[in-house]
Amino acid sequence: GVNECTFIAVKPDGVQRKMVGEIVRRFEKKGFKLVGLKLVQASEDLLRDHYWSLRSKPFFSKLITYMSSGPVVAMVWRGLDVVKTARKMLGETNPADSLPGTIRGNYCVEMGRNVIHGSDSVESAQKEISLWFHQSELNRWEDCGSQWIYN
Ligand SMILES: Nc1ncnc2c1ncn2[C@@H]1O[C@H](COP(=O)(O)OP(=O)(O)OP(=O)(O)O)[C@@H](O)[C@H]1O
């Protein structure tokens, strides 16, 4: 429903490459609602929890190093089908498989530097949001434009 939320993070390469504004712009203009946003240096403990399902992958330790190499911009976005739609806006995990027009399709070339994260299901979104944000950091402000987004 319209209350669905997803967790999006601009990864350290995205922050270094000044992509925060472009990424926020795309989600805003799509019609999604920003309910949380912060710049954070993620601890390795947090990242290991976040990527727990990938712990046995050969690239796991490189992934933790990559994700802790600088600050990330952690965000929560809300709206109808936002989890699935955000994944489409991001593109595929491998930028080479991502269509032009998607964030990864337009702005990156390698899996290990793919500039952005987005939750892959509603359940992972709920887990990731509670991992990265305190409830008090989320703000469900009333969006004066929502009548022009939803009928
Ligand atoms: N084969 C690989 N080699 C190097 N890095 C990889 C590889 N597969 C995945 N990764 C890295 O690990 C991240 C998490 O992998 P996952 O399979 O969950 O992809 P994803 O869901 O598209 O990405 P994310 O969770 O970051 O949105 C990828 O975004 C990428 O940065």
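Relevant structure appears above.
Residue positions are given per chain, counted from 1 along the sequence in the order it is written. At least 70 in pLDDT is required for a residue's local features to be given in this predicted model, at least 80 for side-chain atom pairs to be given and counted, and no such filter applies to totals for whole chains, interfaces and linings, which use all residues. Derived side-chain values reflect all non-hydrogen atoms in the structure, with water molecules and hydrogen atoms excluded from consideration.

Turning next to the site of the ligand. Note on definitions. A residue lies near a molecule or strand when any single heavy atom of the residue is within 4 Å of it. Around the ligand, the neighbouring residues are K11, Y51, L54, F59, L63, R87, T93, R104, M111, N114, H117 and G118. Interatomic distance of 2.8 Å between a side-chain N/O atom of R87 and an oxygen atom of the ligand. By the criterion applied in these results, polar contacts are pairs of N or O atoms within 3.5 Å in which, for protein atoms, one can donate a hydrogen and the other can accept it, and in which residues neighboring in sequence qualify only through two side-chain atoms. Interatomic distance of 3.1 Å between a backbone N/O atom of G118 and an oxygen atom of the ligand. Relative to its free-state accessible area of 570 Å², the ligand is covered by the protein chains to the extent of 78%. Areas reported here follow the Shrake-Rupley algorithm with a probe of radius 1.4 Å; residue values treat only the protein chains shown as occluding.

A word on the environment of G31. Its location among the elements puts G31 in the loop between helix 2 (20-30) and strand 2 (33-40). When the C-alpha atoms of G31 and G79 are compared, they prove to be 7.8 Å apart, with 48 residues separating the residues in sequence. By definition, any uninterrupted DSSP run of H or I lasting at least four residues is a helix, any uninterrupted run of E lasting at least two residues is a strand, and each is numbered from the N terminus.

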